[in-house]
Number of protein chains: 2
Amino acid sequence: MIETPPSTPPSRGPAEHSVREQIVAAAEEHFSHYGYEKTTVSDLAKSIGFSKAYIYKFFDSKQTIGEAICSKVLSAIVEAIEEAVMNASTPTEKFRRMFKALVETGSNLFFNDRKLYDIAAHSAGEGWPSARGYAQHIKQMLLEIIREGRESGEFERKTPLDETVHSIFLVMHPYVNPLLLQHNLDLVEDAPAQLSNLVLRSLAP
Amino acid sequence: MIETPPSTPPSRGPAEHSVREQIVAAAEEHFSHYGYEKTTVSDLAKSIGFSKAYIYKFFDSKQTIGEAICSKVLSAIVEAIEEAVMNASTPTEKFRRMFKALVETGSNLFFNDRKLYDIAAHSAGEGWPSARGYAQHIKQMLLEIIREGRESGEFERKTPLDETVHSIFLVMHPYVNPLLLQHNLDLVEDAPAQLSNLVLRSLAP
């Protein structure tokens, strides 16, 4: 879950890092109420109690603020996945937990708790660096699990590794990308387990 | 063929049948230019040159007309799939061709040629009978291919048949449902073959 620090006015001469964080936290709060699309930097400045010029000292544009929020949310998903996978004893179990954690955390963060779908949709639809980086990160985690399973003899080795990783990523993609996930919310309960079973059958040596 | 939607009133004779077809064809043309959402039955009546009352003699509502158009489009996809599968010699080849034809025809009909996405989105989003019937039909075709492959020894038989069919349908779902397909259009070229390979590996005995 994301922590939302209360939007307090800046103290005198705060560290740049802390002001940035303050703006991001306040913007996240604001966007989650009023939506990303309809909010301007002026609205945001007014609501935070900063001047527009002051915000522009830290962020080039509304998208840059959106990007920072998106990065935070996506990092939280990655952390949740890493935590879920950490104590799994086999690559099979790692894959199952990865898929489950990804879908659960993603659907919670984007659709239930924070209503940050609006930003996530822009991020995914316009290929923001945070969204591209997230997909890349998921692919990398997948690659490591598959490689480990191949080395231990748990998974087949005939199919080229990159082909295996890419096709499994395609299976997960509708649950990774929030634009697709929004239409899959009735499936998030059962689909990860059912698709994991299918993928694991395809990985059998 | 797709089940006839229950909301469509029964045909009352050949003449009526032809008027219905005329209204559906004109509505399809109109919707593909002006969109389904924004058009009222009055707009439609004006554009076709019929009175609103006359249209209501044949269709209960705008949705009933939309349903009829949707049924037509979905029937065309099913026909294209059946044709593609017809001369395939093995269940493996049938599955490949089914997936390919489904994605190609679906993305053409909904997104390129006719711009009927608007109707398809309502149909899928609101679970119209035509959309539910279509998904049911695709599942049934899948079931028959899997069953044939199990009988010929080409596919594994350990997994319960309904579990196999359901999980493969989940893999195809983002390409069956136009709400998801709209975000997958950059994948339609390669994904069907890549996902077919993965699914066929999962079906290996």
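So, here's what we can say about the structure. (Residues numbered from 1 in each chain as written. Chains lettered and ligands numbered in written order. Predicted model: local features only at pLDDT ≥ 70, side-chain atom pairs only at ≥ 80, totals over all residues. Heavy atoms only, no water.)

Examining the interface of chain B and chain A
Taken together, the 25 residues of chain B in the interface contact 25 residues of chain A. Note that R201(B) is salt-bridged to E156(A), the shortest N-O span being 3.9 Å. Summed over the shared surface of chain B and chain A, the number is four residue pairs in polar contact (both at pLDDT 80 or more). Contributions of two or more residues to the side of chain B that touches chain A are made by α8 (161-176), α9 (178-181) and α10 (191-202) of chain B. (Contact = heavy atoms within 4.5 Å. Salt bridge = Lys/Arg side-chain N within 4 Å of Asp/Glu carboxyl O. Polar contact = N/O pair within 3.5 Å; in protein donor to acceptor, adjacent residues only side chain to side chain. Helix = DSSP H or I, 4+ residues; strand = E, 2+ residues; numbered from the N terminus.)

Let's talk about the relation of the copies chain B and chain A
With an RMSD of 0.0 Å, the fit of chain B onto chain A corresponds to turning through 180° and sliding 0.0 Å along the axis. Here the two chains are linked by the operation of a two-fold rotation axis. Closest to the rotation axis within chain B is the C-alpha of S202(B), separated from it by 1.8 Å. When the interface residues of chain B are mapped onto chain A, 100% of them are again interface residues, pointing to one common binding face. (Least-squares fit on C-alpha atoms with pLDDT ≥ 70 in both.)

Thoughts on the pattern of salt bridges
A complete count under the given rule lists 12 salt bridges over all chains for this structure. Its salt-bridge partner being E163(A), residue R201(B) comes within 3.8 Å of it at the nearest N-O pair. With R201(B) in helix α10 and E163(A) in helix α8 (residues 161-176), the pair connects residues from two separate chains. Exposure remark for R201(B): the relative accessible area of 18% places this residue in the buried category. (Buried < 20%, exposed > 50% of the residue type's maximum accessible area, 1.4 Å probe, protein only.)

A closer look at the packing of aromatic side chains
Counted according to the given criterion, the structure contains 12 aromatic pairs over all chains. With centroids separated by 5.9 Å and ring planes inclined at 70°, the aromatic side chains of F99(A) and Y175(A) adopt a geometry described as edge-to-face. In this pair, F99(A) sits in helix α5 (residues 91-113) while Y175(A) sits in helix α8, placing the two residues 76 residues apart along the sequence. Accessibility assignment for this pair places F99(A) and Y175(A) in one class, buried. Geometrically, the ring pair formed by Y36(B) and W128(B) is edge-to-face, given 5.9 Å between the ring centres and 70° between the ring planes. Of the two residues, Y36(B) sits in the loop between α1 (14-34) and α2 (41-48) while W128(B) sits in the loop between α6 (117-125) and α7 (129-151), which places them 92 residues apart along the sequence. An aromatic cluster of at least three residues, connected via ring pairs, comprises F31(A), Y36(A) and W128(A). (Phe/Tyr/Trp six-rings, centres within 6.5 Å; stacked < 30°, edge-to-face > 60°.)

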